[in-house]
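# Breakdown of the fold
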Amino acid sequence: MDKFIIVGGNKLEGEIEVESAKNAYLPILSACLLCEEEVVLKKCPMFEDIKNMCDILTSLGVKVERFEDELHINAKCANNFFISQNLSKKLRSSIFTLGSLLGRFKQAKVAYPGGCEIGLRPIDLHLKGLRALGVKIKEFHGYISCDGSGLCGADIYLDFPSVGATENLIMAAVLAKGVTTIFNPAKEPEIEDLQNFLNKMGAKVCGAGTNSIKIVGVKKLYGCTHTPIPDRIIAGTYLIACAMCGGKMLIKNTISNHFSILINKLQNSGCKIKQFNDKIYIESTKRPKSINFVKTMPYPGFPTDLQSQILCMQTISKGYSQIQENLFETRFKFVPELLKMGANITIKNQIAYVLGVKKLFGAEVYAKDLRGGVALVLAGLCAEGYTTVCDVYHIDRGYENLEKKLSLLGANIKRERELK
Ligand code: EPZ
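Please read all numbers here as calculations on a predicted model, not as lab measurements.

When we look at burial in helix α9 (residues 260-268), the residues that qualify are L262, I263, K265 and L266. Down the axis of α9, the buried side of the element spans an arc of 160°, and every buried residue falls inside it. Contact partners of the buried residues in α9: α8 (232-245), β16 (272-276), β17 (279-284), β18 (293-295) and α10 (307-314). Following α9 by one or two positions, G270 adopts a phi angle in the positive range, close to 110°.

Close contact between helix α1 (residues 22-31) and helix α7 (residues 189-200) brings their axes to 9 Å; oriented N to C, the two are set at 30°. In this structure, α1 crosses over α7, and the sense of that crossing is right-handed. For the pair α1 and α7, the contacting residues are N23, A24, P27, I28 and A31 in the first and E190, D193, L194, F197 and L198 in the second.

With that settled, consider the site of the ligand. Lining the immediate environment of the ligand, one finds 22 residues, of which D124, L125, S162, D305 and L327 sit closest. Measuring from a nitrogen atom of the ligand, one finds a side-chain N or O atom of D124 at 2.7 Å. Across the complex, the protein chains shield 91% of the 820 Å² of accessible surface that the ligand would expose by itself. For the shell around the ligand, the element with the most residues is helix α5 (residues 124-132), which contributes three residues. Considering only residue class, the shell around the ligand consists of nine nonpolar, five polar and eight charged.

What follows is about α7. Its twelve residues place the ends of α7 17 Å apart at the C-alpha level, agreeing with the 16 Å of an ideal helix rising 1.5 Å per residue. G202, located one to two residues past α7, shows a positive phi value of around 105°.

With that settled, consider the sheet that holds strand β6 (residues 82-83). On the basis of which strands lie adjacent, the open sheet formed by four strands has the order β6-β7-β9-β8 and mixed pairing. Strands with a single pairing partner mark the edges of an open sheet, and in this sheet they are β6 and β8 (136-140). Bridging between β6 and strand β7 (residues 107-111) involves two bridges; their strand directions are parallel. Bridge pairing in β7 links I83 to V110. Contacting β6, β7 and β9 (143-147), helix α4 (residues 97-105) runs over the sheet at an angle of about 155° to β7.

So, about the packing of α4 against helix α6 (residues 163-173). As a packed pair, α4 and α6 sit with axes 7 Å apart at the nearest point and diverge in direction by 5°. It follows from the interaxial angle that α4 and α6 lie roughly parallel. Contacts between α4 and α6 involve T97, L98, G99, S100 and G103 from the first element and N168, M171 and A172 from the second.

We now examine the environment of F328. Take F328: it is sitting in the loop between β19 (320-324) and α11 (335-340). Overall, the relative accessible area of 18% leaves F328 in the buried class. Sequence spacing of F328 and L306 is 22 residues, and the spatial spacing of their C-alpha atoms is 13 Å. If we ignore the near neighbours within four places in the chain, the residues touching F328 are I118, R121, T304 and Q350.

Judged from the five bridges that link them, β8 and β9 form a sheet pairing that is antiparallel. Across the sheet, residue F140 finds its bridge partner in β9, namely Y143.

What follows deals with the sheet that holds strand β20 (residues 345-348). Taken together, four strands build an open sheet; the order of strands is β18-β19-β21-β20 and the sheet is mixed. Looking at strand neighbours, the two that pair on one side only are β18 and β20, the edges of this open sheet. Neighbour-to-neighbour, the strand axes of this sheet turn through a mean angle of 15°, independent of strand direction. Across three bridges, β18 lies against β19 in parallel orientation. Bridging from a neighbouring strand, V294 pairs with I323 of β19.

Split by domain assignment, the chain resolves into domain 1 (2-16 + 230-417) and domain 2 (25-226). Distance between the C-alpha centres of domain 1 and domain 2: 31 Å. If you look at the interface, domain 1 gives 20 residues, while domain 2 gives 21 residues. Overall, the association of domain 1 and domain 2 removes approximately 1,700 Å² of surface from exposure, summing both partners, and the carbon and sulfur fraction of that is 57%. The largest per-residue losses of area from domain 1 upon contact with domain 2 belong to Y299, R397 and E400, which jointly make up 36% of the total buried on that side. At the junction of domain 1 and domain 2, the tally comes to two salt bridges. Across the pair D49 and R397 runs a salt bridge whose closest N-O atoms are separated by 2.7 Å.

Moving on, we get to the environment of N412. The residue N412 is located in strand β24 (residues 412-416) in this model. When the C-alpha positions of N412 and L381 are compared, they lie 7.6 Å apart, and in sequence the two are 31 residues distant. Excluding residues within four positions of it along the chain, N412 makes contact with I5, I6, V7 and N10.

The next subject is the pattern of salt bridges. For the structure on display, the rule yields 21 salt bridges. A salt bridge links E403 to R415; the shortest N-O distance between them is 3.0 Å. Within this pair, whereas E403 is found in helix α14 (residues 402-408), its partner R415 is found in strand β24, the two being separated by twelve residues in sequence. Each of the two residues, E403 as well as R415, counts as buried.

Cut-off values and rules
All chains use their own residue numbering, which begins from 1 and follows the written sequence. Per-residue local features of the predicted model are confined to residues with pLDDT of at least 70, and side-chain atom pairs are confined, for both listing and counting, to 80 or more; whole-chain, interface and lining totals are unaffected and use all residues. Only hydrogens and water are removed before side-chain values are computed, so all heavy atoms of the structure are retained for them. Exposure is judged per residue with a 1.4 Å probe applied to protein chains only, and the accessible area is read against the type maximum: over 50% gives exposed, under 20% gives buried, and values in between give partly exposed. The numbering of helices and of strands both runs from the N terminus, where a helix is a DSSP run of H or I of at least 4 residues and a strand a run of E of at least 2. The arc refers to the directions leading from the helix axis to the C-beta atoms. Residue contacts are defined here by distance: any two heavy atoms, one from each residue, within 4.5 Å place the two residues in contact. Angular values range over 0 to 180 degrees, each being the angle between N-to-C directions of two axes fitted as lines to C-alpha atoms, with helices fitted over their stretch in contact. Each helix crossing is assigned a hand: it is left-handed if the near helix lies turned anticlockwise from the far helix by less than a right angle, otherwise right-handed if that turn is clockwise. Here a residue is near a molecule or strand as soon as one of its heavy atoms is found within 4 Å of it. Contacts described as polar in this section are N or O atom pairs within 3.5 Å, which, within protein, must combine one atom able to donate a hydrogen with one able to accept it, while residues neighboring in sequence count only if both atoms come from side chains. Per-residue accessibility takes into account occlusion by the displayed protein chains alone, with areas from the Shrake-Rupley method and a 1.4 Å probe. Note that Gly is not counted as nonpolar here; it falls among the polar residues with everything else outside the nonpolar set of Ala, Val, Leu, Ile, Met, Phe, Trp, Tyr, Cys and Pro and the charged set of Asp, Glu, Lys and Arg. Multiplying 1.5 Å by the helix residue count minus one yields the expected span of that helix. Strand pairing requires that DSSP identify at least two bridges connecting the strands. To sort the angles, those under 35 degrees are grouped as roughly parallel, those over 145 as roughly antiparallel, those from 65 to 115 as roughly perpendicular, and the leftovers as oblique. By convention here, the domain bounds are inherited from an automatic or database domain assignment. Note: buried area is the sum, over both parts, of the accessible area (probe 1.4 Å) each one loses when the two are combined. The salt bridge criterion pairs a side-chain nitrogen of Lys or Arg with a carboxyl oxygen of Asp or Glu, the two atoms within 4 Å.

Following this line, the structure appears as structure tokens:
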């Protein structure tokens, strides 16, 4: 397993370009199954999750070719609706293929998904919604078997605005007979991007970002070209890194209103931030003030995918803060690793109570999931001395060559490759 070796204390200075959003790319890749013509997706990052999703498409008979940063995908010859355990367990978004397989083949057999171990992550909302669309579902031996011969538009009421369930149900509905309305959908920007992509293919989807999404079923979808939106979580990660290490950074390829809540928190903590067009400039010249209180909520609330990073920032901020995690039951697994570095954190009932210390000390720490892992990198960048972050394969799922990008900004970080 690769490791990052970090020597902390350097300021971060320079320019960085943000990749396309992992969580936009993944449902869009699944949606390519819905048409029998070529789809061209631009600015494709080399995240492990994207490679794994492409492997799933290939296993279904889809032609996937990469030309530099473009993916050319043609599902014309897709001839399979079965996804095995060894492919499905590698990522959460394998479950998103249920909707697109049902839309295309009116049947699906998918093994339970994997992904970051940050909670139970049930799929009951996905299945309840598919049943509302007339899908017959059997779950046994770790597989979800769906008969979508009766797929038909319906009203669906989500008990929780689940991102994945919303995306899955949209994809199941676009080729279904009749009209589907999803009430209480997730409002994340990635869902609006999926809506825009599907409509480019000839679908009729509207309402993404509002309290209900309407889908009018169509007979056929067509190929198109699309560039998914920038990754708001990567942009937020770089902003927090600069706030922690000090320095000044110009972050390019961003849509800042996708994370304005973070920008406001960082400004309150003493950072100078300017936004113009698709760029953000941040300057941090002193130890940040604590942000007092933050609770993770569905969009447009504070994103759970930035919880680990903002919590890590509080460990060296001036003062006392509370971070409440409301979406995932075990998203504080990285905290014991921060305690090894001298952080002052106690956890009670899904709230992390943090008293900022003047500095953290380098240590050997282990990534347990994607965002918790990147938070440990941020801690190492500003800690005194050496930090080794182990099991960085978690981080590679959602950040491309992170060590190279941080080195270009002045960080002292190297990847130690495990000898195979
Ligand atoms: C998506 O996961 C993202 N992943 C996650 O990003 C993100 O943290 C999450 O949305 C919330 O924003 C992708 O898009 C690939 P949910 P998803 O369904 O769809 C409960 C990252 O780091 N729930 O919105 O799995 C669930 O347990 C990853 O990039 C049910 O109870 O999230 C959780 O408490 C991590 N039943 C809450 O809803 C269901 O059927 C939010 O989950 C589905 C979800």
